[in-house]
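Inside the fold
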Amino acid sequence: MTTEAVRTAHVLIEGRVQGVGYRLWTQRTAAELKLAGWVRNRRDGSVEAVFEGPDPDIRSMIAACRQGPLSARVKSVTVGPADAEAFVGFEVRETV
C-alpha cells in the first residue's frame, strides 16, 4: 500500500474574489477533494486559505482556485508553504 505525502499550502487569491461566494465555493471544493484547512476574507479584498492533504489534491485545489466560482475574476494566486496543523475538516473563518 502506498501512502501519499501530506502537504500544507498557504494560498492568497487576489482579484474580484469577495462578494462572489468565493469562500463558500472554496469550502465546498475542498470538501469534495477531502482537504482540511480554512478560508477567510482579508480586509485588503483578497481571500486567504490554507489547504492540507495529499499533494495531488492540493494541486487540484490550487488549479481550481485560479478559476474560482463563476462570478469571480481571479487576478493572481500566490502559493507558499504553511505549518501543518492537524486540521479537522475545512472551515470558513472570520475576516482579518
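One can find the structure itself at the top, above this paragraph.
The notes below deal with the structure included here. Position numbers for residues start from 1 in each chain and track the written sequence from start to end. Confidence filtering applies because this is a predicted model: local features only for residues at pLDDT of at least 70, side-chain atom pairs given and counted only at 80 or more, and all residues used for totals across whole chains, interfaces and linings. Water and hydrogen atoms play no part in the side-chain values, which are based on all heavy atoms of the structure.

1. Here's the deal with the overall build of the chain
When you go through the chain residue by residue, the secondary structure sums to two helices and five strands. Put simply, DSSP marks the helices as runs of H or I at least four residues long and the strands as runs of E at least two long, and each gets a number from the N terminus on. For the chain, the N- to C-terminal ordering of α and β elements is β-α-β-β-α-β-β. Projected onto the principal axes, the alpha-carbon positions of the chain cover approximately 45 × 25 × 20 Å. We call a residue buried when its accessible area falls under 20% of the maximum for its residue type, exposed when it is over 50%, and partly exposed in between, using a 1.4 Å probe and counting protein chains only. Every one of the 96 residues in the chain was classed for burial, and the buried ones make up 38%. Within the chain, counting contacts between residues at least 6 apart in sequence, those at least 24 apart form 78% of the total. Per-residue accessibility takes into account occlusion by the displayed protein chains alone, with areas from the Shrake-Rupley method and a 1.4 Å probe. Approximately 5,700 Å² of the chain is accessible, and the part contributed by carbon and sulfur atoms is 49%. Charge assignment: positive for Lys and Arg, negative for Asp and Glu; neither His nor the chain ends contribute. Every charge is mapped onto a representative atom, which is NZ of Lys, CZ of Arg, CG of Asp or CD of Glu. The distance from the centre of the 13 positive side-chain charges to the centre of the 12 negative ones in the chain is 8 Å. Here, residues are in contact when the closest pair of their heavy atoms is within 4.5 Å.

2. What to know about the sheet that holds strand β3 (residues 47–54)
Sheet strands pair via backbone hydrogen bonds, and the direction of the pair is either parallel or antiparallel. Taken together, the five strands give an open sheet; going across it, the order is β4-β1-β3-β2-β5, and neighbouring strands pair in mixed fashion. Looking along the sheet, the strands with just one partner apiece sit at the ends: β4 (73–81) and β5 (90–92). Neighbour-to-neighbour, the strand axes of the sheet open up by a mean angle of 20°, direction not taken into account. Bridging between strand β1 (residues 6–16) and β4 involves eight bridges; their strand directions are antiparallel. Each bridged residue has a counterpart across the sheet, and for His 10 the counterpart in β4 is Gly 80. The strands that helix α2 (residues 55–65) touches are β1, β3 and β4; relative to β3, the one it contacts most, it runs at about 155°. Strands were regarded as paired on the criterion that DSSP finds at least two bridges between them. An axis is simply a line fitted to the C-alpha atoms; with a helix, the fit covers only the stretch in contact. Between two such axes, the angle follows the N-to-C directions and lies from 0 to 180 degrees.

3. Topic: the nonpolar core
With 20 residues, the main nonpolar core has Ile 13, Tyr 22, Phe 51, Met 61 and Cys 65 as its most contacted residues. At the level of elements, β1, α1 (22–32), β3 and α2 are the ones that each hand at least two residues to this core. In terms of residue count, the dominant contributor to this core is α2 (four residues). Beyond its immediate chain neighbours, meaning those up to four positions away, Tyr 22 contacts Ile 13, Val 17, Val 47, Cys 65, Gly 68, Pro 69, Ala 72 and Val 74. Buried residues of nine kinds, namely Ala, Val, Leu, Ile, Met, Phe, Trp, Tyr and Cys, make up a nonpolar core once their side-chain atoms join them within 4.5 Å.

4. Topic: α2
Those residues of α2 not exposed but buried are Ile 58, Met 61, Ile 62 and Cys 65. Looking down the long axis of α2, one finds its buried residues gathered within 100° of arc, a one-sided arrangement. Residues of α2 that are buried sit in contact with β1, α1, β3 and β4. Note: the arc covers the axis-to-C-beta directions of the helix.

5. Side note on the environment of Trp 38
Relative to the helices and strands, Trp 38 is located in strand β2 (residues 36–41). In the structure, Trp 38 is positioned 24 residues away from Ile 62 in sequence and 14 Å away in space, judged by C-alpha atoms. Beyond its immediate chain neighbours, meaning those up to four positions away, Trp 38 contacts Glu 48, Ala 49, Val 50, Phe 87, Phe 90, Glu 91 and Arg 93.

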